[in-house]
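# Coordinates in review
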Amino acid sequence: MDNVESAITYYHNYTPVGDVLVMGLCLVIVVLMQAAYIVRTKNFRIFQLMILSLILAAVTDMGYHILLNNIDDSVNIYTYVLRALYHFFLFSNLFLYIIYVMEPLNLNPKTDKRYVVIAAAGFIGGTVYDVLGTVLGFGFRIEDSGKVYEGFNIFSVGYVFFVGIILFLLIRYRARLAKQILFGIIGTYVVSFLLISIQGMHGQTSFTSAAFLFPAITLFYLIHSNPYDIELGAVGVGAFEDLVTFLENHKNEKRVIISLFMHEFESESKNYPREMIEMLRDFSYASFKGATLFQLSNGRIALSLNPKKNPNYEKAIQSIEADFDAHYSSVSYDCKIVCLETVSDVTENHDYVRLMRFVEEGMHENSIHFIDEKDLENFREMNYILLQLKDIAKSDFLDDPRVEVYTQPVLNITTKKYDTAEALMRLSLPKIGRVLPYKFIPLAEEYGFIHRLSLIILHKTCVQIKRMLEEGYVVQRISVNFAVKEVRDPNFISDINKVIDDVGIPHEKVAIEITESQNEKDFNIVKNTIDLLRDNGIKFYLDDFGTGYSNFERILELPFDTIKFDRSLVIASGEDQKSEKMITYLARMFSAMNYAVLYEGIETDEDEEKCIKMNANYLQGFKYSKPIPIEELVYWFDKSAV
């Protein structure tokens, strides 16, 4: 049965305060969208349409009720039009909301179109029913007498229908959404539903638009808001990731990124001084149009600007050095400034921060560098190497042909023969060929691939030792380098023993080279590891003695077999007699304590004579051989006389 009441009564069930509030809040959101940093993604465009639909809904609802209050002898056709538009805009808001939530739920409107079809059917069906009900007389209508016939309330059914789809999607695919966002959206809809229910119980219709606004506010706050640092005016790293995602989806969009790195502020406990904040803020917003400042880490600030809006940006960037030079005398903070224009392949991998760090490694402090194509080629090569390292580690294949063993023969001063050598790591990759250690070892250590590479080198070294022993060659030992961080691994000892045992050679034919560590925890682990592996016969070398800090007490506590004197000591010994005497004394001291002394970096006859005089047991360097493939050791080692 139709609900019947007079137009005046119907009007007095409404107050415009709700719609005025909706329009005000929507306009506030529009202002904030302009002031805040928001990436203009496809979903944000949908959000903008949702806000527009709510503004139009509020306007049409107010217009509809104004006309309704002024009904006299004849009913104005615009009353029906505005009412139909009001429901149309609210239905469209819910339909847009469904399209919106599909993106964070990883639902594709093309492949998961059943949800779009169902929502579209509800949208079209509800709108058509609403219009036809008025036209054909079975729905909302106003008699000439002023009586209002509500008819079947299709709007309430449509609201429940759309909200049901939204809640179904959120609950059905809840694992794909962060709990905070999930609970925020569902909680807001519960509040909205309660508001509509309470106003319905009191015969009110004033706050329907407001109930639709609440979920939109939730999206704006949880998803699109990127709060600024109040002092600096910068947004966080999440906003930068949003920008990169936007650029990935909009290939024709370009940005210039200026990165400022100050290593002194990487510590969380150190804040930018006031004059630095003011300089960064003023430069960012006074020099460029529409620029956005990002704080990517405590020590890294990045500025993004649109080159179309800033055609002379290069001149402005050049002024950065002058500004920082002017401030340097007072604040004395070193910095590195990197500038680049966004590139598609870097964008796709979200690699801008890594690119900045990569370029900064080759820069001097207080310098500025514009990234060019050569930098990008080197960075792409680094990424390719990293990808190969990851694949090598993942494959778990100890005979991987991409990892090659080179060796440098070591001269035994006592026998005047070559019966030991050092195994060296090289890569040979399909696209770029041979890769030297300085390019890949830091990457392997940083990303945790170094131990797999070391085990491959150890395995291949053991295989060559076995082959040479079987052919009658005299092999005292071959050393393999391991990083201290590898020794920390609780599986290190078992890994080493397994590789050697699987090949089937005596453990004493292998030596392990490690560098000294200043870490107390490392010292205890290394000492325990050396003790256990030496019990099996493996020898240990202390590598690079003479570089950096050396704690003699620690060295003497560790049961090394050989101390490798770095080439820097060889060079120092030739500079003055005092250095030569000191190095000679150290070598004699180690020899007296049953350590063998090996000098690295021997390049000339003079180096050789000097090191022999300085108590050398072994000599290694380019004077004897450059690094060679391990298979060529047979040309250096002698066969047994037996």
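Residues numbered from 1 in each chain as written. Predicted model: local features only at pLDDT ≥ 70, side-chain atom pairs only at ≥ 80, totals over all residues. Heavy atoms only, no water.

## Brief notes about the nonpolar core
In globular proteins that are soluble, nonpolar side chains generally tend to be buried together. Grouped together as the largest cluster of nonpolar side chains are 105 residues, with contacts concentrated most on Ile 496, Phe 565 and Tyr 599. Looking at this core, the element that brings in the most residues is helix H16 (residues 450-470), giving 9 residues. Tyr 599 has contacts with Phe 565, Val 570, Ile 583, Ala 587, Cys 611, Met 614, Ala 616, Tyr 618, Leu 619 and Gln 620, leaving out every residue within four places of it along the chain. Counting 56 residues, the second largest nonpolar core, distinct from the first, contains Met 50, Phe 162, Ile 165 and Phe 212. (Core = buried A, V, L, I, M, F, W, Y, C linked by side-chain atoms within 4.5 Å. Buried < 20%, exposed > 50% of the residue type's maximum accessible area, 1.4 Å probe, protein only. Helix = DSSP H or I, 4+ residues; strand = E, 2+ residues; numbered from the N terminus. Contact = heavy atoms within 4.5 Å.)

## What to know about the sheet that holds strand S5 (residues 292-297)
Reading across from one edge, S5-S6-S4-S7-S8 is the order of the 5 strands in this open sheet, with mixed pairing throughout. Two strands bound the open sheet, and with one partner strand each, they are S5 and strand S8 (367-370). Neighbouring strand axes in the sheet, compared pairwise and without regard to direction, differ in orientation by 20° on average. Bridge count for S5 against strand S6 (residues 300-305) is 5 bridges, and the pairing is antiparallel. When the bridges of S6 are listed, Ser 297 appears paired with Arg 300. In the packing of helix H9 (residues 237-249) onto the sheet, the strands contacted are strand S4 (256-261), S5 and S6, and the crossing angle to S5 comes to about 115°. (Pairing = 2+ DSSP bridges. Axes fitted to C-alpha atoms, helices over the stretch in contact; angles between N-to-C directions.)

## Details of the pairing of S6
Among the 6 residues that make up S6, 6 are buried, leaving the element largely enclosed by the rest of the structure. Where burial is concerned, the two faces of S6 agree: the one with Arg 300, Ala 302 and Ser 304 and the one with Ile 301, Leu 303 and Leu 305 are both buried. Inspection of the sheet shows S4 paired to S6 by 6 bridges, in the antiparallel sense. Bridge pairing in S6 places Ile 258 opposite Leu 303.

## Notes on the pattern of salt bridges
Enumeration according to the criterion identifies 24 salt bridges in this entry. The salt bridge partner of Arg 402 is Asp 400, with a shortest N-O separation of 2.8 Å. The burial state of Arg 402 is the same as that of Asp 400; both residues are buried. Its salt-bridge partner being Lys 417, residue Asp 638 comes within 3.6 Å of it at the nearest N-O pair. A residue pair is termed long-range when its members are at least 10 positions apart, and Asp 638 in the segment after strand S18 (628-629) and Lys 417 in strand S10 (residues 417-429) qualify at 221 residues. (Salt bridge = Lys/Arg side-chain N within 4 Å of Asp/Glu carboxyl O.)

## A few points about the side chain of Asn 43
Its location among the elements puts Asn 43 in helix H3 (residues 42-69). At 3.5 Å, the side chain of Asn 43 and the side chain of Glu 103 are in polar contact. For Asn 43, the residues in contact, after removing those within four places along its chain, are Ile 99, Tyr 100, Glu 103 and Pro 104. (Polar contact = N/O pair within 3.5 Å; in protein donor to acceptor, adjacent residues only side chain to side chain.)

## What about the packing of H3 against helix H8 (residues 208-224)?
At a minimum axis distance of 10 Å, the contact between H3 and H8 shows a crossing angle of 155°. Here H3 lies roughly antiparallel to H8, going by the angle between them. For the crossing formed where H3 meets H8, the hand is left-handed. In contact with Phe 44, Phe 47, Met 50, Ile 51, Leu 54, Ala 57 and Ala 58 of H3, H8 contributes Ser 209, Phe 212, Leu 213, Ala 216, Leu 219, Phe 220 and His 224. Across the contact of H3 with H8, the residue classes break down as 12 nonpolar, 2 polar and no charged. (Parallel < 35°, antiparallel > 145°, perpendicular 65-115°, else oblique. Left-handed = near helix turned anticlockwise from the far one by under 90°. Nonpolar A, V, L, I, M, F, W, Y, C, P; charged D, E, K, R; others polar.)

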